[in-house]
Each structure stands twice: as C-alpha cells, then as structure tokens.
Amino acid sequence: MKRTLVVYFHVLISFLLLTLTFAKGQTSAVDYLRYAVEATENGDYAGAIALCDYSIAIDNSNELVYYHRAFNRFTIGDYTGAIDDATKSIELNNSIADTYLLRAQARLKLGERMSAIGDYNRARKLDGSITFAHFAQNLLNAFF
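Reading guide: rules and limits
- Residues numbered from 1 in each chain as written.
- Predicted model: local features only at pLDDT ≥ 70, side-chain atom pairs only at ≥ 80, totals over all residues.
- Heavy atoms only, no water.
- Core = buried A, V, L, I, M, F, W, Y, C linked by side-chain atoms within 4.5 Å.
- Buried < 20%, exposed > 50% of the residue type's maximum accessible area, 1.4 Å probe, protein only.
- Helix = DSSP H or I, 4+ residues; strand = E, 2+ residues; numbered from the N terminus.
- Contact = heavy atoms within 4.5 Å.
- Axes fitted to C-alpha atoms, helices over the stretch in contact; angles between N-to-C directions.
- Parallel < 35°, antiparallel > 145°, perpendicular 65-115°, else oblique.
- Left-handed = near helix turned anticlockwise from the far one by under 90°.
- Nonpolar A, V, L, I, M, F, W, Y, C, P; charged D, E, K, R; others polar.
- Salt bridge = Lys/Arg side-chain N within 4 Å of Asp/Glu carboxyl O.

Enquirer: So what about the nonpolar core? Which residues, and what values?
Expert: Grouped together as the largest cluster of nonpolar side chains are eleven residues: Y32, L33, A36, A39, A48, L51, C52, Y54, I56, V65 and Y66. Mapped by element, the contributors of at least two residues to this core are helix 2 (29-41), helix 3 (45-58) and helix 4 (63-75). The element contributing the most residues to this core is helix 3, with five residues. A48 has contacts with A36, A39, T40, H68 and N72, leaving out every residue within four places of it along the chain.

Take a look at the structure:
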C-alpha cells in the first residue's frame, strides 16, 4: 500500500510540475523525453510513463518516446502496454532491433511464443550482434 502511495505521489508531483511548465509553453516533446529518461534512471517508472504521455501529446511521431514508454511499462509489469507501445514504435521506424527484442520479451511474458520468435528473428536480421548479446545475457541470468 505504501509503495502505491509513493507511486501516485510521484505521478501527481510530475503532473503538477509539468502542467505549470506546459502552461508557460516552454517544454518541447524532446524535453519531456529527456525528463522521462532521467525519471527512469532514478527508478521512477510511473513518472517516466507520465512524462512520455506528455511528449506524445505534443508530438506523436517520435518512435523513441514510444520505445521508452514501452520499456517502462515492461519494467512495471504492464506487458500488454509494452507490446502496444513497441508496436507503435515499430510502425514509426521498423529498423531498430532493440524495439523488436523488447516486444519479444513482453510477448514471452504473456505466453505468446510464436509472436516472440517472429520478433527475435526480425531483430536478428536487423542486428545479429545485439540479438546474440541479448540471448547471452538471458542465458547468464538464468544460471547466475
């Protein structure tokens, strides 16, 4: 319960600060993405998602914002939301292997194995080295 209140508090504070900043018209979509990355680095995943929402409200054509929101949704266990955002990111730019890997992981969490395999294969075709590194990391994590 306490953790839930802390998350809501962070989201509320982020909302209030951003509303004040947005009212002045000084914050761009890229600024919100930058703030979202900082929030993620500080472990404030819900706040990062809210910041991505603001960025998307200003400019919904940046695939990196959708990727970042997908990453944060995945981190908090919202796998369906992560898949939706990764899919939107892929629609905007289908040449980033990391996005396919993230979507594959979320699909595995939901038991969608065949779809995950398709994403892994697409990532491998785009960048075999990063896909190999991803598999190696998962293999090591499984044993250690």
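Enquirer: Give me the lowdown on the packing of helix 4 against helix 6 (residues 97-109), citing residues and values where you can.
Expert: For the pair helix 4 and helix 6, interaxial distance at closest approach is 11 Å and the crossing angle is 30°. Considering their axes alone, helix 4 and helix 6 lie roughly parallel with respect to each other. When you trace helix 4 past helix 6, the crossing you get is left-handed. On the side of helix 4, the interface is formed by Y67, A70, F71 and F74, while helix 6 contributes D98, T99, L102, Q105, A106 and K109. In terms of residue class, the contact of helix 4 with helix 6 is made up of six nonpolar, two polar and two charged.

Enquirer: Quick rundown of the pattern of salt bridges? Include the residues and the values.
Expert: For the structure on display, the rule yields nine salt bridges. Here R73 makes a salt bridge to D78, at a shortest N to O gap of 3.8 Å. The class of D78 is partly exposed, set by a relative accessible area of 30%. Across the salt bridge formed by D85 and R73, the nearest N and O atoms sit 3.1 Å from each other. Placement of the pair is D85 in helix 5 (residues 79-92) and R73 in helix 4, with a sequence separation of twelve residues. Judged on exposure class, the residue D85 and its partner R73 are both buried. Via salt bridges that share partners, D53, R69, R73, D78 and D85 belong to a single interconnected network.

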